[in-house]
Amino acid sequence: MASQNFSPEVIRKFNRFKMESLLGVFIGYMAYYIVRNNFIFSTPYLKEELSLSATQIGLLSSAMLITYGCSKGFMSVLADKSNPRYFMATGLLLCILVNLCMGFTTSFYLFVGLVVLLGLCQGMGVGPSIITVGHWFSRTERGRASTMWNVSHNVGGGLVAPVVGAAMNFLGTEHWRIAAYIVPGLVAFIAVLLVLKLVKRRPAEEGLPTVEEISHEASVTERVLKKTQERPKDMSAWEIFYKYVFKNENSWYLVLIDIFTYMVRFGMITWIPLYLLTVKGLTKGEMGVSFMLFEWAAIPSTLIAGWLVDKYFKGKVMLLPFMCLIVVFGCVFGYMQSDSVFAITVFATITGCLIYIPQSMVAVQAMEVIPSFALGSAVGLRGFMSYLVGTSMGTTLFGFVVDRFGWDSGFYLIMGGALCCMTFCYLSHRGVQKIYGTGKEMA
């Protein structure tokens, strides 16, 4: 490391700022999920109080998902030109205000509008997070930093139940609106203050060297800017998106990895309850255990994956998800063929444990092939495509195939998605080799 070129005070300040920023985006993104997944816990009460049908409840969920996917694309492009601290805090504050309105709404159509608005505001969380990691962490640290941030949505989603449940027990079910919307909003407001306190601007804007200067590592940004006279500050957000993301084949490999990862993930998690109860004959308790382990197994595995990438897969990020997808392919087949409750639970747990690794590693790989000034735009394209295409293939297409050809055909579709994902992991790996070469710079 050549960081001794800078004074110890500068190094200490840089390291402190980067860890505070990582903690800030972790807390912030965790809070985004607290004021997003709380809606799920309110649906039984909404159904009863507003006399909603299952179709109307499904419409609310779909409105949230579709709007979030579109917003994730648009907002992340805007994030490239914004201050990550204020962009993330503003989005979270808007989510809180929408939640407060949802807590006092008794009209179904107004509720639909608020759910759409919530999905729009939710799209402001991911772009600043990825930008922060990309600007503050070197290539040898990004695996751990990205995966540490990535589990924030698992933590936030897991905190919703105890937060809403405790509020419900204390206030009583007659005050379910306060428990489901107001209390999570208050918790998220504390996170807004922490984001404003902890998250920093880009290093140069804080009067510090860039991460490349600190670590003396080659970056894709340097290589891109050497080939052009254009500079990011002179380009609009659209120009950055079009030139460095939309026209970048490596960006599309990542998009396709995300699409097929979401297909497998949602194809499993969406259908676990119905499939295990109606086809495999599990009890609700046994199904609940499988469902819970599918989600929570991702936390330790994602963190371990980040360590493994930084330690053993430097410059070869996508080889780890490639290997994980081979195991996922086998586990989906075993999940489909098994009749043992224990075996089904094990296969579901391993699938949940490993399917989040390609998703988290895509963020790391993006920093290898996308210039740092275009990371938000790259996140936006992936987010838009994965939610609109990937989730649709795992939910709507899966359901259509099951209705026409049976459950086995649905899971063969999921296995095909895993194979496609493996293919694009390999192509993305080759793309990094073309950028950096295969010599010392890859080590």
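Residues numbered from 1 in each chain as written. Predicted model: local features only at pLDDT ≥ 70, side-chain atom pairs only at ≥ 80, totals over all residues. Heavy atoms only, no water.

### Overview of the environment of Glu-174
Phase 1 of the analysis: With respect to the secondary-structure elements, Glu-174 resides in the loop between helix 7 (152-171) and helix 8 (176-198).
Phase 2 of the analysis: When the C-alpha positions of Glu-174 and Tyr-45 are compared, they lie 9.7 Å apart, and in sequence the two are 129 residues distant. (Helix = DSSP H or I, 4+ residues; strand = E, 2+ residues; numbered from the N terminus.)

### A closer look at the packing of helix 1 (residues 8-49) against helix 7
Phase 1 of the analysis: One way to put it is that helix 1 packs onto helix 7 with a least axis distance of 7 Å and a crossing angle of 50°. Taken together, the axes of helix 1 and helix 7 lie oblique to each other. Every pair of crossing elements has a handedness; the one defined by helix 1 and helix 7 is right-handed. Residues Phe-26, Tyr-29, Met-30, Tyr-33, Ile-34, Asn-37, Asn-38, Phe-41 and Tyr-45 of helix 1 touch helix 7, and the partners they reach there are Ser-152, His-153, Val-155, Gly-156, Gly-157, Leu-159, Val-160, Ala-161, Val-164 and Met-168. (Axes fitted to C-alpha atoms, helices over the stretch in contact; angles between N-to-C directions. Parallel < 35°, antiparallel > 145°, perpendicular 65-115°, else oblique. Left-handed = near helix turned anticlockwise from the far one by under 90°. Contact = heavy atoms within 4.5 Å.)

### Observations concerning the pattern of salt bridges
Two side chains that carry opposite charge are able to pair once their charged atoms sit near each other.
Phase 1 of the analysis: Under the counting rule described, the total for this entry stands at 11 salt bridges.
Phase 2 of the analysis: Of the charged contacts, one joins Glu-141 and Lys-18 as a salt bridge, the two residues approaching to 2.7 Å between their closest N and O atoms. One end of the pair, Glu-141, is in the loop between helix 5 (126-136) and helix 6 (142-150); the other, Lys-18, is in helix 1, with 123 residues separating them in the sequence.
Phase 3 of the analysis: The partly exposed category is assigned to Glu-141, whose relative accessible area is 23%.
Phase 4 of the analysis: Lys-18 sits in the buried class, given a relative accessible area of 8%. (Salt bridge = Lys/Arg side-chain N within 4 Å of Asp/Glu carboxyl O. Buried < 20%, exposed > 50% of the residue type's maximum accessible area, 1.4 Å probe, protein only.)

### Some remarks on the confidence of the model for the protein
Phase 1 of the analysis: The pLDDT averaged across the protein works out to 85; a share of 93% of its residues lies at or above 70.
Phase 2 of the analysis: Across the protein, helix 3 (residues 84-102) holds the top mean pLDDT of 96, while helix 10 (residues 220-226) sits lowest at 60.
Phase 3 of the analysis: Confidence drops under a pLDDT of 50 for residues 439-443, and excluding neighbours within four residues, the segment shows 11 contacts in the predicted structure. (pLDDT = per-residue confidence, 0-100.)

### What about the packing of aromatic side chains?
Phase 1 of the analysis: Considering all chains together, one arrives at 25 aromatic pairs under this definition.
Phase 2 of the analysis: Both rings, one in Trp-307 and one in Tyr-312, keep their centres 5.8 Å apart while their planes meet at 85°; by these two values the pair is edge-to-face.
Phase 3 of the analysis: For Tyr-312, a relative accessible area of 56% corresponds to the exposed category.
Phase 4 of the analysis: With 6.3 Å between their ring centres and 25° between their planes, Trp-407 and Phe-411 make a pair best called stacked. With Trp-407 and Phe-411 both in helix 19 (residues 407-436), this residue pair falls 4 residues apart, about one helical turn.
Phase 5 of the analysis: Relative accessible area serves as the criterion here: at 19%, Trp-407 is assigned to the buried category. (Phe/Tyr/Trp six-rings, centres within 6.5 Å; stacked < 30°, edge-to-face > 60°.)

### Notes on empty space enclosed by the protein
Phase 1 of the analysis: In this structure the tally under the stated criterion is 3 cavities of 30 Å³ or more.
Phase 2 of the analysis: The computed volume of the largest cavity comes to approximately 230 Å³.
Phase 3 of the analysis: Together, 20 residues line the largest cavity, and Lys-72, Val-126, Asn-150, Tyr-262 and Gln-359 are the ones closest to its centre.
Phase 4 of the analysis: Mapped by element, the contributors of at least two residues to the lining of the largest cavity are helix 1, helix 2 (54-79), helix 5, helix 6, helix 12 (249-269), helix 17 (341-369) and helix 18 (375-405).
Phase 5 of the analysis: Sorting elements by how many residues they give to the lining of the largest cavity places helix 18 first, with 5 residues.
Phase 6 of the analysis: Its residues assigned to classes, the lining of the largest cavity comprises 10 nonpolar, 6 polar and 4 charged. (1 Å grid on protein atoms, 1.4 Å probe; cavity = no way out; pocket = protein on both sides within 12 Å on 5 of 7 lines; lining within 4 Å. Points joined across faces, edges and corners; volume = space filled by probe spheres on them. Nonpolar A, V, L, I, M, F, W, Y, C, P; charged D, E, K, R; others polar.)

### Comments concerning the environment of Val-401
Phase 1 of the analysis: Relative to the assigned elements, Val-401 resides in helix 18.
Phase 2 of the analysis: Val-401 sits 12 residues away from Leu-413 along the chain, and the two C-alpha atoms are 8.3 Å apart.
Phase 3 of the analysis: The residues touching Val-401, leaving out its near neighbours within four places in the chain, are Gly-406, Ser-409, Gly-410 and Leu-413.

### Digging into the layout of surface pockets
In this approach a probe as big as a water molecule rolls over the atoms, and the regions it shows empty are the leftover space.
Phase 1 of the analysis: The volume enclosed by the largest pocket comes to roughly 1600 Å³.
Phase 2 of the analysis: Lining the largest pocket are 37 residues, with Asn-37, Ile-40, Phe-266, Ile-269 and Phe-291 positioned closest to its centre.
Phase 3 of the analysis: For the lining of the largest pocket, the secondary-structure elements that each account for two or more residues are helix 1, helix 2, helix 7, helix 12, helix 14 (284-296) and helix 18.
Phase 4 of the analysis: By residue number, the principal contributor to the lining of the largest pocket is helix 1, which donates 8 residues.

### Some remarks on helix 15 (residues 298-312)
Along an α-helix, a turn takes 3.6 residues, which lines up residues three or four apart on a common side.
Phase 1 of the analysis: Taking 1.5 Å of rise per residue, 15 residues should cover 21 Å, and helix 15 covers 20 Å from first to last C-alpha, within 8% of that figure.
Phase 2 of the analysis: Along helix 15, the positions that sit buried rather than exposed are Ala-298, Ile-299, Ser-301, Thr-302, Ala-305, Gly-306, Val-309 and Asp-310.
Phase 3 of the analysis: Where helix 15 is buried, its residues meet helix 6, helix 7, helix 14, helix 16 (319-337) and helix 17. (Expected span 1.5 Å × (residues − 1).)

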